[in-house]
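# Understanding the architecture of this molecule
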Amino acid sequence: FPLPHPRAPPYASRPAFLAHRQPRSPPPPPSPSMEPRELSRRGVADVEMADAVLAAANVTPTAAEDVEMAPPHARRRRRVRMDGQDVDDAEMAVAGAAKTRRAPHVMRYLRAREVGQRPGEAERQAKVKEWAEWVSIRTLEQGKYLTLDRIPSVVRSTISIAFSADGKLFASTHGDHSVKIFSYPSGTQITSLEQHPRTPWTVHFHPHDSNIVASGCLGNECRVWNIRTGECFRKHRFHASISCVSFHPDGDFLAITSGKSLMLWEYERVVDDEGKPVVPVRVLEGDNPFHMVAFHPSGNFIMAGEKNKHPHIYETQFTLKLWIHRFDARAKRLGSLFLEVPRAVAYNDAGIHFSPCGSMLAACVPHPKEEGQFHIAVISLVENDPSRPVGSLVFSGPIDQGRV
C-alpha cells in the first residue's frame, strides 16, 4: 500500500477496505459435538470423498486414538485452524473423546496410516481396496451383451476368447459347437464357423494373418479356418480331446495338446517331399493329460502344462505342472528342460502368460510363505545378475480369492 501523508489522521494508514471494518467478536470455544467437517476447512470435496472411503471401510478412529498414534512432536504442536482460532490436537482429542461416538476424519486417517499399522489395519485396507475396485468398475463404461446369430439358450455357453494380432477381431468358442468372429471394438458378429462335431475348447489367431484362426474341440478335432471365406481349409482328427492350440511365432505350424500328448502340426503342408501326407508329430508324452501349451515370443522355447494328478494335502485347487523346454523350430523338436514350475493355476488358454519381451512369465502359483495360499508371481526367464537367476521371483501380487 502507498505510505500515508505524515499529517494524515491515524486511520488513513490502513487500507480503505479495512478502514471501517468492525472488530470481530471472539469465536465460541470448540464444542465436543462439533463434527470434523465443521472443524476442517481444507476442502469440502476432499472431506466428502474421504468420509465415503472411511464409511465404506468402516474406519472410525476416535480423536484420542489419533493423538495416541501421532509422534510426540506432532502431538504437542500440530494445530488446526478453527474459525480463526488455533487449537492443539490434544485439546481436540479431549473434546472428541468426551463423546463415545466415533467420527471419521480424512486427516486423522491419513496421519495414522503414515505413522504405522494399528490393530485391524490389514482388514481396513482390504475393505478400502474393495471399495476402490467397486468405484473403478462403476466408472467404466457399462458392458453389454453382444448380439449373436442365435438366441442365448441355443448358444448356451462361451468357453474361450482370443484377440487377433492387430486387435481388430476377436474369436470366441461356444456350446453350440461354433467359433464366432467379432469386430473390435464394435462387437459386431462377422461370421460363425460351424463344422466342429463337439464344443470347441480352444481358439487362437495366426500371429501375422488375422484372417486365419485355429480351433480345437472335445470331439478330438483341430481345424484351421479362413475367416474371409468361412472355409475350413485344414483339419485333423486326433486320438483325444483337444485342450489347447498355439501358433508358433513364425505361423507355419501349430502346437496342440491332445490327451497326454503334445503334438506339432505343419498345417500348411499337405504332403512332404516324398509325397506322403503330413500328419501331426508327437514330441512329448506325459504321465497325465496336458491342458495348455504356449510358445515363447522368440519361438525358441515351448511351455506345456500337465495336470497334477494328486494335489498337495493342503490344496484343493486344480493345478498344472509347467514344463518349459528349449525348442528347435527348424528341426521341429524339443530340446533340454529349461524351467519347471511344480504347480500353477491355469487351464487351456488362460492363467499363464509370457511377457511380450520374453524375459518374464506371469502365473498364479502357491505362496512361498503362506501355506495353502496362492499369489500372482512374475518369474524371471533371464539371468541379469548372479543374485537373480532364472526362475527367481520378480514380482508378487495378492489374489482376492473370493472373487478372482
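As a reminder, the structure under discussion sits directly above these lines.
Here is a short report on the structure shown in this document.

What counts and what doesn't
Residues numbered from 1 in each chain as written. Predicted model: local features only at pLDDT ≥ 70, side-chain atom pairs only at ≥ 80, totals over all residues. Heavy atoms only, no water. Phe/Tyr/Trp six-rings, centres within 6.5 Å; stacked < 30°, edge-to-face > 60°. Helix = DSSP H or I, 4+ residues; strand = E, 2+ residues; numbered from the N terminus. Buried < 20%, exposed > 50% of the residue type's maximum accessible area, 1.4 Å probe, protein only. Patch = residues over 30% accessible without salt bridge, like charges linked within 9 Å, V, L, I, M, F, W, Y side chains within 5 Å. Areas by Shrake-Rupley, 256 points an atom, 1.4 Å probe, with all protein chains shown as cover. Salt bridge = Lys/Arg side-chain N within 4 Å of Asp/Glu carboxyl O. Pairing = 2+ DSSP bridges. Axes fitted to C-alpha atoms, helices over the stretch in contact; angles between N-to-C directions. Core = buried A, V, L, I, M, F, W, Y, C linked by side-chain atoms within 4.5 Å. Contact = heavy atoms within 4.5 Å.

### Structural notes on the packing of aromatic side chains
For any two aromatic rings, the description comes down to two numbers: the centre-to-centre distance and the angle of the planes. Scanning all chains against the criterion turns up nine aromatic pairs. Their ring planes at 80° and their centres at 6.5 Å tell us that Phe-238 and Trp-265 sit as a pair that is edge-to-face. Here the residue Phe-238 occupies a position in the loop between strand 10 (231-237) and strand 11 (242-247), and Trp-265 occupies one in strand 13 (residues 261-265), the gap between them amounting to 27 residues. Grouping residues by exposure puts Phe-238 and Trp-265 together as buried. When the ring of Phe-247 is compared with that of Tyr-267, the centres are 5.7 Å apart and the planes differ by 80°; the resulting orientation is edge-to-face. Residue Phe-247 is found in strand 11, and its partner Tyr-267 is found in the loop between strand 13 and strand 14 (281-285); the two are separated by 20 residues along the sequence. Each of the two residues, Phe-247 as well as Tyr-267, counts as buried.

### Some points on unusual backbone geometry
Cis geometry marks the peptide bond from Tyr-184 to Pro-185, where omega comes out at 15°. Tracing the backbone shows Pro-185 in the loop between strand 5 (179-183) and strand 6 (189-193). Of note, Asn-220 is a non-glycine position whose phi angle comes to about 70°, a positive value. The exposure class of Asn-220 is buried, given its relative accessible area of 17%.

### Description of a nonpolar patch on the surface
A cluster of nonpolar residues, Ile-161, Phe-163 and Tyr-184, forms a patch on the protein surface that exposes about 330 Å² of accessible area. Structurally, the position occupied by Ile-161 is in strand 3 (residues 158-163).

### Details of the sheet that holds strand 11
The strand order across the open sheet formed by four strands is 11-12-13-14, and the pairing between neighbours is antiparallel. With partners counted over all chains shown, the strands left at the sheet margins are strand 11 and strand 14, one partner each. Averaged over all pairs of adjacent strands, the angle between strand axes in this sheet comes to 25°, irrespective of strand direction. With five bridges joining them, strand 11 and strand 12 (residues 254-258) adopt antiparallel strand pairing. Counterpart to Cys-244 in the pairing with strand 12 is Thr-257.

### A closer look at the nonpolar core
Met-292, Ile-302, Met-303, Leu-322, Ile-324, Phe-327 and Ile-352 are the most contacted members of the largest nonpolar core, which has 34 residues in total. Listed by contribution, the elements that provide at least two residues to this core are strand 13, strand 15 (290-295), strand 16 (301-307), strand 17 (320-328), strand 18 (333-344), strand 19 (352-354), strand 20 (360-366) and strand 21 (374-380). Not counting residues within four places of it along the chain, the set of residues in contact with Ile-324 comprises Phe-301, Ile-302, Met-303, Leu-337, Phe-338, Leu-339, Phe-354, Leu-361 and Leu-381. Counting 13 residues, the second-largest nonpolar core is a separate cluster that includes Ala-214, Leu-254, Trp-265 and Tyr-267.

### Topic: the sheet that holds strand 15
Sheet architecture is open: four strands sit in the order 15-16-17-18, paired in antiparallel fashion. Each edge of the open sheet is held by one strand with a lone partner, namely strand 15 and strand 18. Ignoring which end each strand starts from, the neighbouring axes of this sheet average 20° apart. Relative to strand 18, strand 17 runs antiparallel, the two sharing seven bridges. Among the inter-strand pairings, Leu-320 is bridged to a residue of strand 18, identified as Ala-344.

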